[in-house]
Amino acid sequence: MANPNLPPASPPDISKTEVETVESIHKPSPTTKGKDKAAELLASNERIVVTSAENKRVLRKIDLIILPILLSVYFLQSLDKTTLSYASVFGLIEDANLNPNSDQYSWLGSIVYIAQLVMQPLVAFFLVKFPIGKFVGITVLTWGAILCGMAGATNFAGLMATRFLLGAFESAVAPAFIAVVQMWYKRSEQTNRNAAWYSMLGIVNILGSLLSYGLGHIQSDRLHSYQIIFLFCGLLSVVVSIAVYIFMPDSPMEAKFLNDTEKLIAVERLRMNQMGVASRVWKWDHVLEAFLDIKTWLWFSMLTAVSIPSGGITTFGPLIIQSFGFGKFQTILFNMPFGAVQIIATLGGAWLATKLKKKAPVLILLCVPPIVGIIILMVVGRGKENRGVLLVGYYLTSFYPGISPLIYSWSGQNTGGDTKRKVTTSILFVGASAGNIIGPHLFKPSEKPHYYRGLRSNLALFVAIIVLVILAVIWIKVLNRKHAATRESMGKAANIVDLSMEGSRNTDTEGAEDIQASGVGDKAFDDVTDIKNEDFIYVY
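Values in this document were obtained by computation on a predicted structure and should not be read as measured data. Throughout this document, residue positions are counted from 1 along each chain, in the order its sequence is written. Whole-chain, interface and lining totals are the exception, using all residues; otherwise, since this is a predicted model, local features are given only for residues with pLDDT of at least 70 and side-chain atom pairs are given and counted only at 80 or more. The basis for the side-chain values is all heavy atoms of the structure; hydrogens and waters are excluded.

A. Representation of the packing of aromatic side chains in the model. Stacked, edge-to-face and tilted are the three classes for Phe, Tyr and Trp ring pairs, Trp counted by its six-membered ring, which pair at centre distances within 6.5 Å; planes under 30 degrees apart are stacked, over 60 edge-to-face, the rest tilted. All chains considered together, the criterion is met by 20 aromatic pairs. For the ring pair Tyr408 and Phe429, a centre distance of 4.7 Å and an interplane angle of 10° mean the geometry is stacked. A residue pair is termed long-range when its members are at least 10 positions apart, and Tyr408 in helix α19 (residues 403–413) and Phe429 in helix α20 (residues 418–441) qualify at 21 residues. Owing to a relative accessible area of 6%, Tyr408 belongs among the buried residues under this scheme. Residue classification places Phe429 among the buried positions, given a relative accessible area of 8%. Aromatic ring contacts, followed pair by pair, group Phe125, Phe126, Phe130, Phe135, Trp282 and Trp284 into a single cluster. Distance and angle both matter: a charge sits over a ring if NZ of Lys or CZ of Arg is within 6 Å of the ring centre and within 35 degrees of the ring normal. When the ring centre of Tyr245 is taken as origin, the NZ or CZ atom of Lys134, which lies over that ring, is 5.7 Å away. Positioned above the aromatic ring of Phe536 is the side chain of Arg187, whose terminal nitrogen or guanidinium carbon lies 5.2 Å from the ring centre. Helix and strand assignments follow DSSP, with helices taken as H or I runs no shorter than four residues and strands as E runs no shorter than two, numbered in order from the N terminus. Here's how the labels work: a residue is buried when its accessible area is under 20% of the maximum for its type, exposed when over 50%, partly exposed in between, all with a 1.4 Å probe on protein chains only.

Here is the structure:
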């Protein structure tokens, strides 16, 4: 392999034989201004072909550093966000003098997502402009401190204020993690990594239930049970934020755990993503294209549709179980299998989508169990003899968390250009936030035990998701045909191998040199959008 530490130089005179070697010389662009930061690294080094062994070695190092950070932070965010539902079982509604016949408790669930919705434009800008590792570390520290402050809130107004601030500082976490996965992983690797951190929702439902069960047994003359839960989770977030700030790298080009050669490999292996890495340059033409792209609004609609049931079930899930006739500690324990099913659906869905190299059929498949589960909850009576059937129906609805990470991965894998990716992700999170705002208001504590209005709405939404997935597949096929026609008109191959979806195949012998010689991938780090890059291959 060529030495990646060689200074920039004009390509020397080389023979035809040398041109045909694996390590063909990459001619630096006259300028990298306005391009991806990765372009600066590649412009000062010879272009290489990454071997399968090198790819696996660097990927292993990336996983060992990046994944633990993503998993731990998203676990804490999910835990902190769901403390409200646990606190409701341990007397929050009574202790904070909330009116059970009003929407006050529902608003406490929704206000977090209102804050996230409001913050998304700023989040998109911050993720482009700021070093992402330091940014995430600071947000974790801040929301941990706010959650500790929630322990001092003893009425509706205080809880609303602190929950709004909690949502504001948590709003960047998931968009940041989607950006991190796009920054470090090939498209074939992204689905499973996104699913890994998103599956922490299920871990939270299991461990969070056990944690709340234990904390709920603490007897205190000064603190209510919900205040103890808030303090413990908040302090845990503050401690973890320090490690995140120190160890989370800002990009592959700035990673201290990679040497110079490994940095070059980490970037070069992403070439066929056609998505770049990070530019730190805000581009308004990318913003406009994100808003005009039909794909954006298809995914926006899907996420809104799945987030409405998510918001309702996250906030009212324990209360739904309680409506089956269980006590508060039984309710917490019976919520644990819900988390186990979430993990299976999220990781299993990602594994199947990666194996098939298609998201659409898996998304449709994941909509079926919630539809069946909701029908069970709607038609089965609430007598004690039906508790087992009702729990099965409730657990079937818990397949829905597997849907969201697939949509985020699907969107991320089909969007090029740094600013456009961040803006598109923020638009999707606006939809997700809007859904989570609406969701809790479809349920009311006074409508127990059946919650018919919320269940009927959720049933219709899962059917709508199936229709939207089919429409997205049709549109993606149209876009691929357009790009193939453009490549052919430019003298390139109309049909090319998408190595970014080929896992850890040996790129030395399976087409990498041919693709390199054809000029495909030359725009990969030019920070151009997917629509303007004729080499971009859309996946469905």
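The structure having been displayed, the exposition proceeds.
B. Spotlight on the environment of Leu459. Its location among the elements puts Leu459 in helix α21 (residues 452–489). The exposure class assigned to Leu459 is partly exposed, which follows from its relative accessible area of 21%. Along the sequence, Leu459 and Ile375 sit 84 residues apart, while their C-alpha atoms lie 7.7 Å from each other. In what follows, residue pairs with any heavy atoms lying within 4.5 Å of each other are defined as contacts. Each residue touching Leu459, except ones within four places of it in the same chain, is listed here: Ile371, Ile374, Ile375 and Met378.

C. Looking closely at helix α5 (residues 104–129). For α5, spanning 26 residues, the distance from its first C-alpha to its last is 38 Å, which sits close to the expected 38 Å at 1.5 Å a residue. Fitting axes to the seven residues that end at a residue and to the seven that start at it, the angle between those axes gives the bend at that residue. The largest bend in α5 is about 50°, located at Gln120, with the proline Pro121 one to four residues further on. Multiply 1.5 Å by the residue count of a helix minus one, and that product is the helix's expected span.

D. How the structure looks around the environment of Glu289. Mapping Glu289 onto the fold places it in helix α13 (residues 284–292). Note on Glu289: relative accessible area 10%, which makes it buried. Spatially, the C-alpha atoms of Glu289 and Ile531 are 8.6 Å apart, while their sequence positions differ by 242 residues. With residues up to four places along the chain from it excluded, the contact list for Glu289 reads Lys420, Thr529, Asp530, Ile531 and Lys532.

E. Geometry of a nonpolar patch on the surface. There is a patch of nonpolar side chains on the surface, built from Ile138, Ile242, Tyr245, Ile246 and Phe247 and spanning about 540 Å² of accessible area. If you tally residues by element for the nonpolar patch, the top one is helix α11 (residues 225–247), at four residues. Within the secondary structure, Ile138 is located in helix α6 (residues 132–150). Patch definition: residues with relative accessible area over 30% and no salt bridge; like charges joined within 9 Å; nonpolar side chains (Val, Leu, Ile, Met, Phe, Trp, Tyr) joined within 5 Å. All accessibility values rest on the Shrake-Rupley procedure with a 1.4 Å probe; residue burial counts only the protein chains present in the view. Whenever Lys or Arg places a side-chain nitrogen within 4 Å of a carboxyl oxygen from Asp or Glu, that contact is recorded as a salt bridge.

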